[in-house]
Amino acid sequence: VRGYIYDVGFVTGVATYPEYTGRGLMSALMKQALTEMRAAGQSISLLYPYSIPFYRHKGWELISDKMTFKLKDSQLPRKVTAPGRVRRVSIDSVDFLELHDRFAEKTHGCILRNGLVWEEYWRWESDDIMVAVYYSENDEPLGYMVYYLHNDIMRIKEMVCLNQEAWNGLWVYITAHDSMIDELTGNNYANMSIAFWLEDSDIKETLQPYMMARIVDLTSFLEHYNFNSLDKNYRLTLTVKDTLLEWNNQSLALNFNTEGGVADISADIVDTPFKAELSIGTLATLLMGYKRSAYLKTIGKLNADAKTVELLEQVIPREKAYISDYM
C-alpha cells in the first residue's frame, strides 16, 4: 500500500490557489496532492485523521482499528508454555527488523518500514524502550515485543507474531515479570480481542477507529487488488461516486475469474446480472476488509441486490488491515 498524506503537507500550496479561500482552498489543495499521487503511480492514500468527519467528506474512510488492553498482574496467563526462548535485542537488530518485514509481507494492510518509517516509529519514545525477540528451538526469530517498564507497569507498544508459538513464548516472557509489575497495558492492532484467550478474561479492552484510506486511482487500485478466486466467471457493473476526483466518478464493468483477481476492467458497460453502487470512501472500507458488503447494504452505504451482495462477500477477502504506524 503506497501513498500517504500528512495534514501539514497542504499548507505549502496556499499561494498556488489565490482564488480559493476556506474550504474551497482545502479541497483544491487536497485535489492537487491526490493528482500528484496519481501521477506518481500511487493508487491509495492512508492517514491518521485529526477529524474523521472532515476527511470522510473528502473521500477517505475508516479501514482499521486500534485496540488497547489492561490487566492486573494476577491476570497474567500461568499455564502457557513455549519450546523456544526470548532474548532482548537492540532496536537496530537485524533479527528484529527482518522479522517485521516477514510479518508485513504476509499480513493484510501492514506497512513495510523503510528507514524513514522506523525513524518515525521511535520518534516519541523514551530511551527506556526495549525490544524482546522470541526464537524457536532452531534459533529462528518468530515474534517480537516492543515495550518499556515504568512505575510498576509494563507497557507494550507493539507485539508481532508469525505463529501461535511466538505468541505463547512472548506471554511466557511477560508473565516472568510478574514480580516487577502491578499492571500490564498494551496496544493490539490485530483486530482480535485477547480476553477470550486469557485464563481470566475479566480485563479492560478498548476499541478505537485508527486509520483512514482513500482510493486515489480507482482503475489502478482494482487492477492490483487481490480478489478471491471463484468457481466460475462473473461480471459486475460497479458504479462509484467521487465528488472530488472526476476520474474515479464512473461506472466500470469488472470480470471476476476462477484464478483470482480481475480478468479485465472496462468502461464499456453492458447489461450485467450483478450491479453495485457506492461512494469512493465506502469502496475503500469494503475492499480493505474493514466492513463487509452485507453490513454496508444494511446501513444504506451500498446499493445492491441480495445476489450482488453475496458475490461481493465471496470475492472480497475477509482479512482486516493491520496498521500500527502513525501516519
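No experiment lies behind these values; they were computed from the predicted model shown.

**A few points about the sheet that holds strand β4 (residues 85-89)**
Here comes step 1: In spatial order, the strands read β4-β5-β6-β7-β8-β3-β9; together these seven strands make up an open sheet with mixed pairing. At either end of the open sheet lies a strand with only one pairing partner, and these are β4 and β9 (204-209). Averaged over all adjacent pairs, the angle separating strand axes in this sheet is 25°, with direction ignored.
Here comes step 2: Here strand β6 (residues 141-150) pairs with strand β7 (residues 153-161) via eight bridges, running antiparallel. Across the sheet, the residue bridging to V146 is E158, located in β7.
Here comes step 3: The strands that helix α3 (residues 94-106) touches are β4, β5 (130-135), β6 and β7; relative to β6, the one it contacts most, it runs at about 115°.

**Comments concerning the sheet that holds strand β1 (residues 44-47)**
Here comes step 1: Taken together, the three strands give an open sheet; going across it, the order is β1-β10-β2, and neighbouring strands pair in antiparallel fashion. Looking at strand neighbours, the two that pair on one side only are β1 and β2 (61-62), the edges of this open sheet.
Here comes step 2: Along the sheet, helix α7 (residues 280-287) makes contact with β2 and β10 (212-215), crossing β10 at roughly 115°.

**A closer look at the packing of aromatic side chains**
Here comes step 1: Throughout the structure, instances matching the rule amount to 24 aromatic pairs.
Here comes step 2: Relative to F54, the ring of Y50 has its centre 5.6 Å away and its plane inclined at 40°; by these criteria the two rings are tilted.
Here comes step 3: Each ring, one from F227 and one from F256, has its centre 5.0 Å from the other, and the planes form 65°; the classification is edge-to-face. Placement of F227 in the loop between α6 (218-224) and β11 (234-241) and of F256 in strand β12 (residues 250-256) is noted, with a sequence separation of 29 residues between them.
Here comes step 4: Given the relative accessible area of 5%, F227 is considered buried.
Here comes step 5: On the basis of relative accessible area, F256 is assigned to the buried category, the value being 2%.
Here comes step 6: Site record: aromatic cluster; members linked through ring pairs are Y48, F103, Y189, Y210, Y322 and Y326.
Here comes step 7: Note that R113 overlies the ring of W118, its terminal NZ or CZ placed 4.6 Å from the centroid.
Here comes step 8: The lysine or arginine in question, K307, covers the ring of F274, its NZ or CZ lying 5.8 Å from the ring centre.

**Observations concerning the environment of L198**
Here comes step 1: Mapped onto the elements of the fold, L198 is located in the loop between β8 (183-188) and β9.
Here comes step 2: With 123 residues separating them along the chain, L198 and A321 place their C-alpha atoms 24 Å apart.
Here comes step 3: Not counting the four nearest positions on each side in its chain, L198 is found in contact with L71, Q75, P77, W171 and I203.

**Details of unusual backbone geometry**
Here comes step 1: Although it is not a glycine, D152 sits at a positive phi angle of roughly 65°.
Here comes step 2: Here D152 shows up in the loop between β6 and β7.
Here comes step 3: The exposure class of D152 is partly exposed, given its relative accessible area of 44%.
Here comes step 4: Positioned with a positive phi, N191 is a non-glycine residue whose angle comes to about 60°.
Here comes step 5: Counting through the fold element by element, N191 comes out in the loop between β8 and β9.

**With respect to the environment of Y295**
Here comes step 1: When you line up the elements, Y295 lands in helix α8 (residues 293-298).
Here comes step 2: A residue is classified by how much of its surface remains accessible, and Y295, at 43% relative accessible area, is partly exposed.
Here comes step 3: Separated by 129 residues in sequence, Y295 and A166 place their C-alpha atoms 34 Å apart.

**Details of the side chain of D242**
Here comes step 1: Along the chain, D242 falls in the loop between β11 and β12.
Here comes step 2: Residue classification places D242 among the buried positions, given a relative accessible area of 4%.
Here comes step 3: Contacts of D242, omitting those with residues within four sequence positions, involve R214, N248, N249 and I280.

Conventions we followed
- Residues numbered from 1 in each chain as written.
- Predicted model: local features only at pLDDT ≥ 70, side-chain atom pairs only at ≥ 80, totals over all residues.
- Heavy atoms only, no water.
- Pairing = 2+ DSSP bridges.
- Helix = DSSP H or I, 4+ residues; strand = E, 2+ residues; numbered from the N terminus.
- Axes fitted to C-alpha atoms, helices over the stretch in contact; angles between N-to-C directions.
- Contact = heavy atoms within 4.5 Å.
- Phe/Tyr/Trp six-rings, centres within 6.5 Å; stacked < 30°, edge-to-face > 60°.
- Buried < 20%, exposed > 50% of the residue type's maximum accessible area, 1.4 Å probe, protein only.
- Lys NZ or Arg CZ within 6 Å of the ring centre and 35° of its normal.

Coordinates in, geometry out; function isn't part of it.
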